Amino acid sequence: MANALVSVQIIPKTKNGEDSIPYVDAAIDVIEQSGVKYQVNPLETTMEGELTALFSIIEKMNEKMASLGCPSIISQVKVFYKPDGTSMDVLTEKYR
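Draft legend 1. Region of interest: the overall build of the chain. Each helix and strand in the chain was counted, giving three helices and four strands. Secondary structure elements of the chain, listed N to C terminal, follow the sequence β-α-β-β-α-β-α. Seen along its three principal axes, the alpha-carbon backbone of the chain occupies a region of about 45 × 25 × 20 Å. Per-residue burial for the chain yields a buried fraction of 35% across its 96 residues. Taking contacts inside the chain between residues at least 6 apart in sequence as the whole, the part at least 24 apart equals 74%. For the chain, the exposed surface amounts to about 6,000 Å²; the carbon and sulfur share of it is 54%.

Pasting the structure below:
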């Protein structure tokens, strides 16, 4: 079982003021390629997994934005850490 949930909102500054949505899509693709369980929400994406792996994914997301030419990136991150295990399903089951 995973020991962490991490929600991330990535806000890339684009080179020429372009729409940031294609960049955000590229950041979500980094998550997709990682293979972790995740859920896209309107203002952030939540990932489930081992804490160190999730932080590594966030680092790769930022690197992807930089490789696409973003001069700066803001990543707002929320972490729920429970060493003996957690999941998105357990935390939200009473709402579904």
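Draft legend 2. Expanded view of the sheet that holds strand 3 (residues 45-49). Taken together, four strands build an open sheet; the order of strands is 2-3-1-4 and the sheet is antiparallel. The two strands at the open ends of the sheet, each matched to only one other strand, are strand 2 (37-40) and strand 4 (72-81). Across the sheet, the mean angle separating the axes of adjacent strands is 20° when strand polarity is ignored. Alignment of strand 1 (residues 4-13) against strand 3, held across five bridges, turns out to be antiparallel. Across the sheet, Ser 7 pairs through a bridge with Thr 46, a residue of strand 3.

Draft legend 3. Structural detail: helix 2 (residues 51-67). For helix 2, with 17 residues, the first-to-last C-alpha span of 24 Å sits near the 24 Å given by 1.5 Å per residue. Tucked inside the fold, the buried residues of helix 2 contact strand 1, helix 1 (21-34), strand 3 and strand 4. Positive phi shows up at Gly 69, right after helix 2, with a value of about 100°.

The rules behind each value
- Residues numbered from 1 in each chain as written.
- Predicted model: local features only at pLDDT ≥ 70, side-chain atom pairs only at ≥ 80, totals over all residues.
- Heavy atoms only, no water.
- Helix = DSSP H or I, 4+ residues; strand = E, 2+ residues; numbered from the N terminus.
- Buried < 20%, exposed > 50% of the residue type's maximum accessible area, 1.4 Å probe, protein only.
- Contact = heavy atoms within 4.5 Å.
- Areas by Shrake-Rupley, 256 points an atom, 1.4 Å probe, with all protein chains shown as cover.
- Pairing = 2+ DSSP bridges.
- Axes fitted to C-alpha atoms, helices over the stretch in contact; angles between N-to-C directions.
- Expected span 1.5 Å × (residues − 1).

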